[in-house]
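Examining the three-dimensional arrangement
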Amino acid sequence: MKQSNIEDKQPEILKKEYRLKGSPNRGLLMATFGFFIGFSAVSLFGTVASEFNKFLGLSGIMLGFLVGLPQLLGSLLRIPFGAWVDKVGGKKPMLILLGISIVGMVGLTSILYTGELTMGKFPWVLLFGLLGGAGVATFSVGVPQTNYWFPTNKHGFSSGVYGGLGNLAPGIFSLILPTILALYGLANTYLIWLLFLIAGTIIYAVYAKDAYSIQITNQGVNEREAKRVAKKLGQEVFPSGNAVDALKKSAKNPRTWALIALYFTSFGGFLALTTWLPTYWTEFHGQSVRMAGVLMAIGFSIFASLIRVYGGKASDDHGGEKVAIISFAVALLGALMFVVTSTFWIALLAEVILAAGMGIANAAIFKLVPTYVSDAPGGASGWVGGLGAFGGFVIPPVMGLFIDIFGVSGYQYGFLVFAALALLSIIISYNLMKNNPVKQ
């Protein structure tokens, strides 16, 4: 009976008949919330790195390795978990990632409560920091999860809101953590963070819903019928149904790899600087831990996240490739300003300019994912989000190498890495637009 006369039935009747819950706005809200909760792991060590370094006395490369570590597992897990969304929807993968992050936070909190930090405990700090970073991978889960809820002509908007507001987590945590640290100490700071993570995971578990086609297939209805019903309800993008196939399909598309390269610069760079800038402001400009957190959060992380919302709308209106070219040019300018100055106010302006370029570029790139790889958006999201975000782990140790070579001046010269990446990204974006035009 359910399989007949679907086209003749009103949406509300179909929702009631198939016991469907949720809406596009609710889907966007809860995907963004889950991402926000998990993505706070970007700040796992970066904001309080100086506190760890007081006890551990790390070299420049090892300090960069520590602050970038949470991005390692979080980046790699984006690939299989983003693809898995193409089979089971977003809720289950999101909850598993948040669960792994909770395990890491429990371990870190336990270490900090068992006495003074020593190099003997450092391997355990790295292990649990690695697990705690699993929440970073929630991004590649939420992108296809959100895309399933919205028509393709609104993917720039939905991805911009999702990425922009979810990306606020590291900036907000960088504002809050130094104050909590000063009031309660390092161990209690991580305990409070752990409780927040647990509470947020419970809220997501209760209120998040998958897109209509996934809810219907979970009831045992065949995929063809589920797609027919969901189309009637406005769904335009659908899971491929096989995570491995989604990865294979997207990997064979050369446009996927172009987007990976771009995202390595924009989002990998965003992650790297979110963890690196607090150390830059304390060590190179002599700012306090609290002020360094404020400078990074407001001048970079929060601004880059909010402007990402505008970047999504601009990409809908003008095309993702054009917006990417302009935004990477802006990022190049900001990086070069960092390289040539040791003046505080010029460096602060450079931070804002670099944030604008990276934030808008992030939105532009993910506007193109479901358009270029429409047959496997979850798989493409996994590759782009995972390998692209890997820059958050790779870049900080490279910047730390400049410090080991040039001393304190290395904090300044290390931004040559971003200048080179931005220039390369401009070239890739131009070639993508010229050789692979896509109607927006």
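Definitions and cut-offs
Residues numbered from 1 in each chain as written. Predicted model: local features only at pLDDT ≥ 70, side-chain atom pairs only at ≥ 80, totals over all residues. Heavy atoms only, no water. Helix = DSSP H or I, 4+ residues; strand = E, 2+ residues; numbered from the N terminus. Buried < 20%, exposed > 50% of the residue type's maximum accessible area, 1.4 Å probe, protein only. Contact = heavy atoms within 4.5 Å. Lys, Arg positive; Asp, Glu negative; His and termini not counted. Salt bridge = Lys/Arg side-chain N within 4 Å of Asp/Glu carboxyl O. pLDDT = per-residue confidence, 0-100. Axes fitted to C-alpha atoms, helices over the stretch in contact; angles between N-to-C directions. Left-handed = near helix turned anticlockwise from the far one by under 90°. Phe/Tyr/Trp six-rings, centres within 6.5 Å; stacked < 30°, edge-to-face > 60°. Polar contact = N/O pair within 3.5 Å; in protein donor to acceptor, adjacent residues only side chain to side chain. Core = buried A, V, L, I, M, F, W, Y, C linked by side-chain atoms within 4.5 Å. Arc of directions from axis to C-beta.

Bringing the environment of Leu 44 into the picture now. Considering the arrangement of structural elements, one finds Leu 44 in the loop between α2 (24–39) and α3 (49–56). Judged by relative accessible area, which is 0%, Leu 44 ranks as buried. Each C-alpha atom, one on Leu 44 and one on Ser 174, is 9.6 Å from the other, the two residues being 130 residues apart in sequence. Setting aside residues no more than four positions away along its own chain, Leu 44 makes contact with Pro 70, Met 105, Leu 108, Gly 129, Gly 132, Gly 133, Tyr 190 and Trp 193.

Counting through the fold element by element, Glu 351 comes out in helix α17 (residues 344–372). Here Glu 351 sits buried without a salt bridge, and the closest side chain of opposite charge, Arg 290, lies 17 Å off (N-O distance). Beyond its immediate sequence surroundings of up to four residues, Glu 351 is in contact with Leu 277, Trp 281, Leu 295, Met 296, Gly 299, Phe 300 and Phe 338.

Positionally, Arg 78 belongs in helix α5 (residues 78–88). Take Arg 78: its relative accessible area is 0%, and that puts it in the buried class. Excluding residues within four positions of it along the chain, Arg 78 makes contact with Phe 39, Val 136, Ala 137, Phe 139, Ser 140, Tyr 263, Phe 267, Gly 382, Gly 385, Gly 386 and Ala 389.

Turning next to the confidence of the model for the protein chain. In this model, the protein chain carries an average pLDDT of 83, and 93% of its residues clear a pLDDT of 70 or more. Confidence, read as mean pLDDT per element, is least for α3 in the protein chain (70) and greatest for helix α6 (residues 91–112) (93).

The subject of this paragraph is the environment of Ile 96. Here Ile 96 is to be found in helix α6. Accessibility expressed as a relative area gives 33% for Ile 96, which makes it partly exposed. Taking the C-alpha atoms as reference, Ile 96 lies 9.2 Å from Gly 135; in sequence the two are 39 residues apart.

Bringing the packing of helix α4 (residues 60–76) against helix α14 (residues 254–283) into the picture now. Where α4 contacts α14, the two axes come as close as 9 Å, and the packing angle between them is 145 degrees. Read as a crossing pair, α4 and α14 show a hand that is right-handed. Here Leu 63, Gly 64, Val 67 and Gln 71 of α4 lie close against α14, whose contacting residues are Leu 271, Thr 275, Trp 276 and Thr 279.

Under the defined criterion, the tally for this structure stands at 30 aromatic pairs. Centre to centre, the rings of Phe 390 and Phe 393 are 5.7 Å apart; their planes meet at 45 degrees, and the pair counts as tilted. Feature note: the residues Phe 35, Phe 39, Phe 139, Tyr 162, Tyr 263, Phe 267, Phe 270 and Phe 300 constitute an aromatic cluster, connected by ring pairs.

Once that is clear, we can look at the pattern of salt bridges. Working definition: two side chains of opposite charge can pair if their charged atoms are close together. Enumeration over the complete set of coordinates arrives at one salt bridge. Note that Arg 228 is salt-bridged to Glu 225, the shortest N-O span being 3.2 Å. Here Arg 228 and its partner Glu 225 are both found in helix α12 (residues 223–232), three residues apart, which amounts to about one turn of the helix.

With that settled, the discussion passes to the environment of Tyr 204. Here Tyr 204 shows up in helix α10 (residues 168–207). Expressed as a C-alpha distance, the spacing of Tyr 204 and Ala 83, which sit 121 residues apart in the sequence, is 20 Å. When near neighbours in sequence (up to four residues on either side) are disregarded, Tyr 204 contacts Met 30, Phe 33, Gly 34, Gly 90, Lys 91, Met 94, Leu 95 and Gln 145. Looking at Tyr 204, its side chain comes within polar contact range of the side chain of Gln 145, at 3.2 Å.

Here we come to the nonpolar core. Formed by 147 residues in total, the largest nonpolar core has its most connected members in Phe 52, Tyr 190, Tyr 280 and Phe 415. Element by element, the count of residues in this core is highest for α17, at 16 residues.

Residues of α12 that are buried: Glu 225, Ala 226, Val 229 and Ala 230. Looking straight down α12, one finds that the buried residues subtend no more than 130 degrees of arc, so they occupy a single side. Exposed residues pointing more than 90 degrees away from the buried face of α12 are listed as Glu 223, Arg 224 and Lys 231. Phi turns positive one or two residues past the end of α12, at Gly 234, with a value near 105 degrees.

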